[in-house]
Amino acid sequence: EKELRSYHFSIGLQILKKAIHTTRAEPLSLVAFIALEQIIMAKDMTVPDPKVRMSLALLFLRAGKHSIQVAAFPSALSYFERGLSFLGEDGWERNHELSL
């Protein structure tokens, strides 16, 4: 199970590296959403690099906002929850604006 989660996470990151070439103002591509779904399937994989965690948190925030715009509310919740998980337990204090 842990090995499978690791594969999902690794695949998601590899896809993201190839798919993310947009500015924050541009919508995420379908490929980026596929990559984020792979990361969600990885469940509770920890990411030691704070820059990667922050990048993932921001991408999941963008995905959640997009999902709300298209009325995909269950998906939005999933994206928001996973994004918050990358901020850590003290994310509310360190990244208050992003946590809202």
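Rules used throughout
Residues numbered from 1 in each chain as written. Predicted model: local features only at pLDDT ≥ 70, side-chain atom pairs only at ≥ 80, totals over all residues. Heavy atoms only, no water. Helix = DSSP H or I, 4+ residues; strand = E, 2+ residues; numbered from the N terminus. Rg over C-alpha atoms; globule rule 2.2 N^0.38 Å. Buried < 20%, exposed > 50% of the residue type's maximum accessible area, 1.4 Å probe, protein only. Contact = heavy atoms within 4.5 Å. Lys, Arg positive; Asp, Glu negative; His and termini not counted. Charge placed at Lys NZ, Arg CZ, Asp CG, Glu CD. pLDDT = per-residue confidence, 0-100. Expected span 1.5 Å × (residues − 1).

Of regular secondary structure, the protein chain possesses six helices and zero strands. On C-alpha atoms alone, the protein chain measures out to a radius of gyration of 13 Å, which is about the 13 Å that the 2.2 N^0.38 rule sets for 100 residues. Here the C-alpha coordinates of the protein chain stretch approximately 35 × 30 × 25 Å along the principal axes. Sorting the 100 residues of the protein chain into buried and exposed places 33% on the buried side. Summarising the internal contacts of the protein chain: among those between residues at least 6 apart in sequence, 60% fall at separations of at least 24. When the 12 positive and 11 negative side-chain charges of the protein chain are each reduced to one mean point, those points stand 6 Å apart.

To continue, consider the confidence of the model for the protein chain. Averaged over the protein chain, the pLDDT score is 87; the fraction of residues at 70 or greater is 90%. Within the protein chain, helix α6 (residues 96–99) has the poorest average pLDDT of any element, 66, and helix α4 (residues 73–87) the best, 94.

The end-to-end C-alpha distance of helix α2 (residues 30–41), which contains 12 residues, comes to 17 Å, matching closely the 16 Å that a straight helix rising 1.5 Å per residue would cover. Every buried residue of α2 is listed here: A32, F33, A35, L36, Q38 and I39. Of the residues trailing α2, K43 is marked for its positive phi of about 55 degrees.

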